[in-house]
Every structure is written in C-alpha cells, then in structure tokens.
Amino acid sequence: MNSLFRQIITTTKSLISPFHPKSHKPFSSIFPLTPQDLVFLQNPTTPQPSNFSSDAISIAKAIDSTPNNTQWGETQRVLRNYREKLDVGLVSNVLKIVKNRELGVKFFIWAGRQVGYSHGAAAYHAVIEMVGGGDRRVPDEVLREIREGDDGDEVLGELMNVLVRKCCRNGKWGLALEELGRLKDFGYKASRATYNVLFRVFLEADRVDSARLVYDEMVGNEVRMDEGVLGCFVYRLCKSGEWRDALELIEKEEVDVNAELWMKMIMGLSEASLFDEAMEFLGRMRCGSCIPNVDTYQVLVRECLRKGRLGMCKRILGMMMAEGCYPDRHMFSSIVHGFCKAGEFSYAYKFLKKMEGYGRRLGYVVYNIMIGGICGRKELPTSDEFELAEKVYGEMLDAGILLNKINISNFARCLCGAEKFEKAYKVIQEMMRKGFVPDATTYSNVIEILCNSSRIEMAFLLFEEMRRNRVVPDVYIYSILIDAFCKAGLIEQAQKWFTEMIEGGCSPNVVTYTSLIHAYLKARKLGDADKLFERMLSQNCIPNIVTYTALIDGHCKGGNIDKACQIYERMMGKVSIPHVDMYFGQNNSGTNEPNVFTYGALIDGLCKSQKVSEARDLLDAMLTNGCEPNRVVYDALIDGFCKEGKLDEAQEVFTKMSSRGYSLGEHTYGSLIDRMFKDKRLDLALKFVSKMLESSCAPNVVIYTEMIDGLCKVQKTEEAYKLLLLMDEKGCRPNVVSYTALIDGFGKAGKVDRCLELFKEMGEKGCVPNYITYRVLINHCCSAGLLDDAYSLLEEMKQMYWPLHAASYQKVIDGFSREFLISNGLLDAIGEKDSVPLAPAYSILIDSLTKAGRLETALQLYKEIASSSQKCVAGSTCSLLIKSLCLASKVEEGFDIFADNLKRGGTCELDVFFHLILGLMKLGQWDEALQLSHSVCYMVNHRNVK
C-alpha cells in the first residue's frame, strides 16, 4: 500500500461516505456545480436493450457460446468478421450484453489490439461495470490479463484511472483509495482527472486535511488542479477562515482569478460571517479589473440575510444597484422576506417601491410576504405597522393581486385588533371581486376572528353571505357560531343553528354539544342542558374533559355550586351520586380526571359563592393529585379572600404562588391593593404598587381608581388628585368612576369647591359624567348649602339623555364598588317601574331647599317629579315639605302634597297631622281642624287596638 493511501486512511478512519444520508452537507448543495465541472465524471449515454445493434447482439452470442472458455481462438475467427465495424459504441454495447465476464475481458483485450481502433471512455466504463468495479474490488487476475496483452500497459493504466474516478463517483472513496494504491503498485501514475476527482470527493466530505495530502502529491507529480476543483478548495479554505492560504494557493497555481473564483471565495467568507473580509475581497476583485456581477452580490446579500446582518445587507444592496445590478425575482422576494422577518417593514416597503421604480413587477409573492410579515405574527402590529399593511393592501387591490388564504385570515385578525370590523367583514368580498374563490376554511377563519372580537352580528352576516355563495358550512363553522352566540347569551339563535345543522346532515361534535350545554347551565336551564346531554350520549358522542369542565363551570355560574362539587367528586371516583350519575352513563373508565381548567372553574365558583375555605382545600387537593395550578387558579383564590376581607390568607396564597414561579396579573394586584386600602393599610398597598411596577405590570384604570378611592377614604384627597394627574400623564386615561370617586372624596372632606372644579375639568377632558356622578355632586352641594349649584346640576342631569330602563342603568353603575354605592344610597335606587331613579336626586334637593326656606322652588320640583312616571320622593322629604308649607300658612299646598303622597301609597309621620291642624287653626278654619283632629285620634286608637 502506497504512503498517500496510508496517510489518508489514518486521517479518515471515522469518515463516512459523503453521499451517505448522515454525511456532511455536500458542497454541491451550497454552491451549484456547472455541467462543465462534472464533464470528467459523466458516463456516456447508456443505450437501452432495444437500441442494441444486431452486430452487438451477434458478437455477444458468439462470445457467450464459446465452450469451456478453451476455444477462444475459434471465437476470434468469428470476431474478425466485425473488425472493420469496431468502434467504441459497439464494443461498450457488447460488454453490456455479454454474460461471461472472463470472456468479456478477453473480448475487451482483443478489441484493443485491432488496427484502427482504440478504447474510449465508454468502453472503459463498460468493462469496469462488467467486472463489478466501482462497487467492489476488481480481481487482480483481471488486471494482469489486461496488462499482458499488446499495449496492455497503456490500456491498464487508463482503465485503472477510470476505475478510481468511478469509485469516487459512486461515493466509494475508500475503495477509490485502494484502487489508487493498486494503480501505483502496478507502476502507473494517476492522471490529472483522477487526482482532481479524488480531491473533490474529500472536499465534499469536508475532509480538508485529506484533500491537502492529495494536493501535496499532485504538486509532487506536477499535476495541476482543475479550475472547478480549485474553486471548491478556495471556498472551503475561506469558509474555515484560511483566506490567506486560499490566496497563496491561487498564486501557486498561477491562475488568472476570474469572477467565478472571486465569487466562491467571497461566498466562503460570507458563510463564515467574515463580512469585512468578504467586502475586502470585493474591493480586490474590482482592483483586478474583474467587475462583480449580480451573482457575486447576491451571494453576499443571501448570507447577510441568513446571518441577520441587515446593516451590511443594506450597504451591499446600495453598491449593487448603484452599479446597475438588480436582484433576480427569487432574491427580490428573499430580501423583502428577510427585512420583514426582522421587523424592518418600512425598509422592506421602501426597497419594494425602489425595485418597482427600476421596472421590477411587484407580484403576488412579494405583496403576500409584506402582508404576512406584518400581520402574521402572534402579537398585533403597531399602529404605524398596520397603517403600512393597509397601504400595501390597497396597492394590491389596485394592481388586481390577491391575498392567499392564510393572509386573508391574518389581515382580518389585525383589522379586528384595530377595531376596523366593517373592513374585516369586507375583506373576502374584495378578494372575490378580484377572482378569489373562498372555501369553507377561509370563511371559518374570518368568522372566528369576528366572533372572538365580539362582532357576532358581522359574523352572522358573513355566514349568510357564505351560504349565498353556495359554500356549505361544516361542523367547525357551526361550532364557532354556536359557541359565540352562547357566550353572548343568544341561546335561542344558537339552538336554531344546532337544529339546522342536524337537519342539513351535519353531525354536531363534542365541541358543539359542550358549548350549548354550558350556555343552558349558565342560564339556569338545567332541564334543557340535561336533555341535550342525553342526546349527545345517544349519538355516541362521548363527553371529554372539556365537557365535564363546562358542566362544572356552568353549574357554578348558574348558582348550583353543590351540583358542581358533586360532578367533581364523581370525576374523582366516587362510586355513585344519584343527581349526577346521568353525566357518566357511558364514561366510567376514569380517563376524564380533572385538569387545571376543571379545578380553576370549581375554585372560582366556590370563591364567588363565599366558600373560600373550601376553595383553598381544593387547591391543596389539586397539588396532592399532581395537578399544577396556573395563575388563573391563584388569582381566583386571592380575589376570593380579598372580597371576604381576609387579607392575611390572600397574602399566604400570594406567597405560595410566587414560590412556584408565577407573577400576579392586573386583576389580582387590583384585588389586593383594593383590600389593603379598605383595611387602611396604606404602606402595604404602596409596597404592592412598587412590586407591581418592578414586575413590568403597569396599573390599569381599575387599579388607579381603587387607589384614588382608597386614598379618599383615609382623607388623603390631595394625594388622590395627584394620582389622577399621574395616571393621565402615564397614558392611562381616568374614566367616569375615577372622577366620581375623587369628587366624592373632596365632598366628604368638605371641599365642595374642589368637587365643582373637578366636575368642570372632567367635562373638558372629554369624560362624560353619569347619573352616579350627578347624584354624588348634588348631594355634596346640598350639604354645603350650594343650592343654586345643586339645582343647576339637576337641570343639567334632566337634559342629558339618560337610559330609560334598569338594564341600561346597570351599565351606568358598572365599575362602582358595592361599598361606594351603599355609602351614597345608590344600591337600591331603581324603582319598581324599572326606570332610572331620578326621584332620590329630587328628594335631596327638595329637602335642602325646604330647610333653606325656598319653598316655592322646592314645591316646583315636587310637582315636577310627581307629574312624571317616577316613584315619588322619600316620605321624610314629603313630611318636611308639608310642615314647612303649613308653617308658612300655605296649608292648601300642604294638603295637596299630603293627598298625592297617600295616593301613591306613601305614609306620613304623626307630627305632619299636627302641623296640618295647626295650619288650619292659623287660617281660622276651626271646623276643618277639629274634623282632622278627630280623624287622627280615631286612627291612633285603632292602631293601638291592633
């Protein structure tokens, strides 16, 4: 075995074939080879059996019919008849047909001796294939036999060179080395083609050290490297950072460096992230009078994009286009994609428009890359980014280019996120006008987005449009709509769709059933829920853990916490619970063990039912059963303890939550801070606010309002006002609840002038006061004797278009705490006629005006409220007004109010009768006074008898 073979074997013991599936990435997959690079590896076209000539078939039959291989001389006489017809094609075809390998070798030797014929590449390949070369070792005796013939040395040398190359081509680099060793053992030298192909094999296998050994032998034998192989070598050297060696190699080979060679070196440096060196090589390329072409620039741009070197990429693109080189279509798309992926949408768009200015047509792919890049991310785009997306979308429409199905969904989602619901609804229509044919998936995606944005009316209209376009809704679309309408409380419509889908042959799945059952339970329609559950089981639709979780959550929200607990116990393996056994009729396998969402639903239900201790026990059971609580579970428990005033227990849960790596959310911080202010633990509340800010959880308007209200309760109204200014400064706009809480705080501190200033400021900031705000401010104005201001506020309140019904009134008081409403006498203010309670506001002002002696105004207000459909003013207010009127000798007006109050079902205090009698006496109406006196005595005696 020769020395080179031993050296290479020593350095490549662990090397697997470069063509093996587990081998390194071949060079050809990195830099595409040209056909010229592979000329020396190409086989001549193999003729098909049907194309073999009759001469080839006749010769092969003559050879194979030679008996016992001993009468070869007789066969040669037959072959002489074909000497004049011999050519490389005929010989190679015979070798492919002949079955006797030994006689085939004899034919090959015989043919090579004939005058006027010499073997070519096809003949060499054919004889190698025949004897098994390229896949296994050619026997030595075959080689010796070839050598013994006339011109045997020349033929054998060429044959073995072809054999080495063939082994390389087949990926048998080890066998190639063995054959190279035998070639030398026979006294031959490897040809230039053989060295080059062996060299390339080691480069492709990423064995640069082995390739160097081959190169050293090539230099020793004065064999020069092919240009293509040289390009591969300098690429590998540059990629490994040995660019100086690459330049020395080129100098040693005395090669004129052309654009292709420069490009391979620049490519190697780029892949090694040596961009500064790559740019230096680009400069050398120019200095050598070799102008970089578009391929050279694209190599650099491609690697810059792949490595995220966008600044360098911009620089190269600027140079490239300044020299009149423009990216091809694929590179253009890659550049836009690369910058969009990095979030540089503005640059991507500018580049897109610049290319358009150079005559590049902006097609379907580039536009979809832009829209997909901006809208296809998990998080919604910023306002500037989305404005750009809309601009690109408009250009697409003008150019008649369509969004793909995925980007229609992405764009519609972002439109909904920007609250442009009408435009989201119209996206499919606009695409259809451009020739887009939507399917059920397209509609379902946009319908789901609209439903998730609570735009169920638009989702319904889009569903109707889908049916008009003869797109058949599937179970997924029906389930989306049914779930959305159930969550909106529109169970009747959801049930209609449920019936429609069944009648249309679309079978509901477990998701469909679960949504509707959950809605029935929350609406306290237990019978309908149970009936639907039984139908579900009868259709062999097996409930899953989501169904059982929905059952528990539905019963909790429907006020049936005991049944929810029973379902949980049954899930935990309790043998029989009569009230809930129906839910487990076909599912006793125990596979539906409670998960974190099941526990979360039940813990939340227990907390809202004031059973916080049981909820904490359930948390402990959850941990014992190996179910890790999530933040929602902890939040529910902390909120429950806070609402019950058990701050210490809430902090214990918070500590346990923090130890398990969870951070508080806005809602939980709000619950804790609110409780701390109510307990007047201001220092602790401020510590939690600091902790909240440290965890990058900015307070929302609810938390700010709770803090303002808490500060007011401890008489720190100026600090509360500063906090109001701070929240506005930090971009959290105060709402009507924030302002009302502070107005109430100033009022209770006796600073009514500040209340009025804040009320004015509130209007200037665009925050519209509601009924609660007016009630609170009127009350404080009356208490401070500012009756004209109070009267003006009442008049202003009447002119406002307040909601007429209790359902709307509930929205008005939403956001105010129960404690705040009770403290201002607002909780039970809604009258029996289900209208907005204006009477209490009248009562406050009438009472104050009466005490101030302004009886005319008070009487006017009383008549005004009495003539409306509202419940009349409070009885105490009526009594005070009647007394004051009688004392002012306006007994007739007093009697009118007395009669009106009795007519409305009201009652009066006993001293009201005394003042009425006294008033009659002052007017000299003794008979009437005496009659009323007897009536009062009779009433009192009758009451005492009872």
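Residues numbered from 1 in each chain as written. Predicted model: local features only at pLDDT ≥ 70, side-chain atom pairs only at ≥ 80, totals over all residues. Heavy atoms only, no water.

What follows is about the overall build of the protein. When you go through the protein residue by residue, the secondary structure sums to 51 helices and zero strands. Each of the 946 residues in the protein was classed as buried or not, and the buried ones make up 50%. Taking the intrachain contacts of the protein between residues at least 6 apart in sequence as the baseline, contacts between residues at least 24 apart amount to 67%. Summed over all atoms, the accessible surface of the protein reaches about 45,800 Å², with 50% contributed by carbon and sulfur. (Helix = DSSP H or I, 4+ residues; strand = E, 2+ residues; numbered from the N terminus. Buried < 20%, exposed > 50% of the residue type's maximum accessible area, 1.4 Å probe, protein only. Contact = heavy atoms within 4.5 Å. Areas by Shrake-Rupley, 256 points an atom, 1.4 Å probe, with all protein chains shown as cover.)

We now examine the packing of helix α12 (residues 227-239) against helix α14 (residues 259-271). Remark: α12 packs on α14, axes separated minimally by 7 Å, with the N-to-C direction vectors making an angle of 25 degrees. Taken as axis vectors, α12 and α14 run roughly parallel relative to one another. Pair α12 / α14 crosses with right-handed handedness. Across from Gly 228, Leu 230, Gly 231, Cys 232, Val 234, Tyr 235, Cys 238 and Lys 239 in α12, the residues of α14 making contact are Leu 261, Lys 264, Met 265, Met 267, Gly 268, Leu 269 and Glu 271. Grouping the amino acids of the contact of α12 with α14 by side-chain chemistry returns nine nonpolar, three polar and three charged. (Axes fitted to C-alpha atoms, helices over the stretch in contact; angles between N-to-C directions. Parallel < 35°, antiparallel > 145°, perpendicular 65-115°, else oblique. Left-handed = near helix turned anticlockwise from the far one by under 90°. Nonpolar A, V, L, I, M, F, W, Y, C, P; charged D, E, K, R; others polar.)

A few words now on unusual backbone geometry. We note that Arg 470 has phi near 60 degrees; this positive angle belongs to a residue other than glycine. Residue placement: Arg 470 occurs in the loop between α25 (456-468) and α26 (475-487). What makes Arg 470 exposed here is its relative accessible area of 77%. Its identity as a non-glycine residue notwithstanding, Asn 540 has a phi of 60 degrees, on the positive side.

This model, assessed by the stated rule, comprises 15 aromatic pairs. Pairing Tyr 721 with Phe 746 gives two aromatic rings, centres 6.5 Å apart and planes at 55 degrees, and the pair type is tilted. With a gap of 25 residues between them, Tyr 721 in helix α39 (residues 717-729) and Phe 746 in helix α40 (residues 736-748) connect regions that are remote in the sequence. Using a relative accessible area of 18% as the deciding quantity, one classes Tyr 721 as buried. An aromatic cluster of three or more residues is present, and its members are Phe 460, Phe 463, Tyr 478, Phe 485 and Trp 497. Here the basic side chain of Lys 314 rests over the ring of Tyr 347, its NZ or CZ set 4.7 Å away from the ring centre. (Phe/Tyr/Trp six-rings, centres within 6.5 Å; stacked < 30°, edge-to-face > 60°. Lys NZ or Arg CZ within 6 Å of the ring centre and 35° of its normal.)

Examined against the element boundaries, Arg 224 turns out to sit in the loop between α11 (208-220) and α12. Along the primary structure Arg 224 and Ala 193 are separated by 31 residues, whereas in three dimensions their C-alpha atoms are 9.7 Å apart. Not counting residues within four places of it along the chain, the set of residues in contact with Arg 224 comprises Arg 192, Asn 196, Met 218, Glu 253, Glu 254 and Val 255.

Residues Glu 227, Glu 260, Asp 295 and Asp 328 make up a contiguous surface patch of negative charge. Topologically, Glu 227 is positioned in helix α12. A residue is classified by how much of its surface remains accessible, and Glu 227, at 48% relative accessible area, is partly exposed. (Patch = residues over 30% accessible without salt bridge, like charges linked within 9 Å, V, L, I, M, F, W, Y side chains within 5 Å. Salt bridge = Lys/Arg side-chain N within 4 Å of Asp/Glu carboxyl O. Lys, Arg positive; Asp, Glu negative; His and termini not counted. Charge placed at Lys NZ, Arg CZ, Asp CG, Glu CD.)

Counting 227 residues, the largest nonpolar core has Phe 199, Met 370, Phe 411, Ile 447, Leu 602 and Ile 603 as the members making the most contacts within it. Among all residues touching Met 370, those that are not within four sequence positions of it are Val 336, Cys 340, Phe 345, Ala 348, Tyr 349, Leu 352, Leu 388 and Val 392. (Core = buried A, V, L, I, M, F, W, Y, C linked by side-chain atoms within 4.5 Å.)

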